[in-house]
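Examining the three-dimensional arrangement
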Amino acid sequence: MEVGNTTRVTVFVLQGLSNNPHIQIVLFVTFLVIYLLTLTGNLLMLLVIRTDSHLHTPMYFFLSQLSFLDAFYASVIVPKLLENLLSKWKTISFLECFTQISLVIFSGASEACLLSVMAYDRYQAVCHPLLYVVTMNKKVCAGLVGASWAIGMGTGLLNTILLAQQDFCGPNLIYSFACELPPVLLLACSDPYISIASILTTMVVLGLGSLVLLVGSYTCIILTAMGINSATGWNKIFSTCSSHFLVVTIFYGSGIFRYMTPPSGSALEQVLSLQYSVVTPLLNPLIYSLKNQEVKAALRRMLARKLRLNF
């Protein structure tokens, strides 16, 4: 489409992961299996938390929100990835691309906030156990989750609207398998200063801000744990916090590197994008179910109830 003497891009082309048809089939089957397992794992986690009264606590309320967010995040990326693996023309419309960018930023920002909220919840449970029920009541929990979603929505809309103000006059090849802000920004013909400033501000305020809250919460938890002589107390703290700490490490390790380094379209960037958008949503329910005794016990109770109903 031409505006004045400038040709405006209306369709983008995704580079994808491979142009080899045989490799594409293998990748399609692999990512389809991962996606189905991701949906199954996260929806099962939601079901267990919803149906088991032992898990009706703030910690598992936040975990259910994380499971929903992971299933949503994977659904933003993987279906289009699967479609392009079977398609000759790996195109995506301007509107579809920017919608995907907005939803990706929304998911990432909301998850960063939610992980910080979960760390704060563990801090209250370990460091102030007598006041925990009062401090983390239903109203507070709902407010913290609502704030996380609101911050995610605002961050996604702001960065996407600013990016959409740029002129895209060609080329239109995105060096990625999905529409993400860094590779799309490379295609802007106009000065991307405002978008870059917005990204950096988001990373500093939201990324580092939530990271400081995480580090502060876990520092207090570790100091409290060091003052406990009981092996049982140590084990309880470790079992409730280790899963969350592992999820945080995976999330921030790949996300910060992906968004804080200049985009280049390298293979490493593709791997990091796959890790936090495809693999991490699969790993989160596995980490929480395999390392958490309460979740495993709830799963056994649910299976036992189902077996009793069948027989």
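Residues numbered from 1 in each chain as written. Predicted model: local features only at pLDDT ≥ 70, side-chain atom pairs only at ≥ 80, totals over all residues. Heavy atoms only, no water.

For the rest of this paragraph, the subject is the overall build of the protein. For the protein, the count of helices and strands is ten helices and five strands. In the protein, once contacts between residues fewer than 6 apart in sequence are set aside, the share between residues at least 24 apart is 77%. Accessible surface, the protein as shown: approximately 15700 Å² in total, 72% of it carbon and sulfur. (Helix = DSSP H or I, 4+ residues; strand = E, 2+ residues; numbered from the N terminus. Contact = heavy atoms within 4.5 Å. Areas by Shrake-Rupley, 256 points an atom, 1.4 Å probe, with all protein chains shown as cover.)

Time to look at the state of the cysteines. For the coordinates displayed, the defined rule picks out two disulfides. The residue that forms a disulfide with cysteine 97 is cysteine 179, at a sulfur-sulfur distance of 2.0 Å. Negative torsions about the S-S bond denote left-handed disulfides, and the value of about -115° found for cysteine 97 with cysteine 179 makes this one left-handed. Taken as a pair, cysteine 97 in helix H3 (residues 94-127) and cysteine 179 in the loop between strand S5 (173-174) and helix H6 (181-185) lie far apart in primary sequence, 82 residues in all. Residues cysteine 97 and cysteine 179 agree in their burial class; the two are buried. Numbered by order of appearance in the sequence, the disulfide-linked cysteines of the protein pair as 1-3, 2-4. Lacking any disulfide linkage, cysteine 127 is separated from the closest cysteine sulfur, that of cysteine 220, by 5.4 Å. For cysteine 127, a relative accessible area of 21% corresponds to the partly exposed category. (Disulfide = S-S within 2.5 Å. Buried < 20%, exposed > 50% of the residue type's maximum accessible area, 1.4 Å probe, protein only.)

This next bit is on the side chain of lysine 90. Of note, lysine 90 is situated in the loop between helix H2 (58-85) and strand S4 (91-93). Within the buried core, lysine 90 has no salt-bridge partner, and the shortest N-O distance to an opposite charge, that of glutamate 83, equals 10 Å. Polar side-chain contacts of lysine 90 include one of 3.4 Å to the backbone oxygen of asparagine 84. Other than its neighbours up to four places away in sequence, lysine 90 contacts Phe12, Val13, Leu14, Gln15, Gly16, Ser18, Gln24 and Asn84. (Lys, Arg positive; Asp, Glu negative; His and termini not counted. Salt bridge = Lys/Arg side-chain N within 4 Å of Asp/Glu carboxyl O. Polar contact = N/O pair within 3.5 Å; in protein donor to acceptor, adjacent residues only side chain to side chain.)

Tracing the chain through its elements places glutamate 111 in helix H3. Once residues lying within four places of it in the same chain are set aside, the contact partners of glutamate 111 are Leu66, Leu69, Asp70, Phe251 and Asn284.

Here we come to the pattern of salt bridges. Applying the stated rule across the entire model yields four salt bridges. Between arginine 301 and aspartate 52 there is a salt bridge whose closest N-O contact spans 2.9 Å. Residue arginine 301 is located in helix H10 (residues 293-310), and its partner aspartate 52 is located in the loop between helix H1 (21-51) and H2; the two are separated by 249 residues in the primary sequence. With a relative accessible area of 29%, arginine 301 lands in the partly exposed category. When the shortest N-O distance is used, the salt bridge between arginine 122 and aspartate 121 registers 2.9 Å. Like arginine 122, the residue aspartate 121 is buried in the burial classification. Through salt bridges that share partners, Lys80, Glu83 and Glu96 make up one connected network.

Our focus in this paragraph is the UniProt feature "transmembrane region" (unreviewed entry) in the protein. Mapped onto this numbering, the UniProt entry annotates "transmembrane region" (unreviewed entry) at residues 25-48, 60-78, 98-120, 140-164, 193-225, 237-260 and 272-290. Structurally, residues 25-48 is divided into 100% helix and 0% strand, and its ends, taken at the C-alpha atoms, are 34 Å apart. (UniProt positions renumbered as here; feature names shortened; annotations may be inferred.)

Right, let's get into the packing of H2 against helix H5 (residues 138-164). The geometry of H2 relative to H5 is characterised by a closest axis approach of 10 Å and an angle of 25° between their N-to-C directions. Here H5 runs roughly parallel to H2, going by the angle between their axes. Helix-helix and strand crossings are classified by hand; for H2 and H5 the assignment is right-handed. Touching Pro58, Phe61, Phe62, Gln65, Phe68 and Leu69 of H2 are Cys141, Ala142, Leu144, Val145 and Trp149, all from H5. Classifying every residue of the contact of H2 with H5 by side-chain character gives ten nonpolar, one polar and no charged. (Axes fitted to C-alpha atoms, helices over the stretch in contact; angles between N-to-C directions. Parallel < 35°, antiparallel > 145°, perpendicular 65-115°, else oblique. Left-handed = near helix turned anticlockwise from the far one by under 90°. Nonpolar A, V, L, I, M, F, W, Y, C, P; charged D, E, K, R; others polar.)

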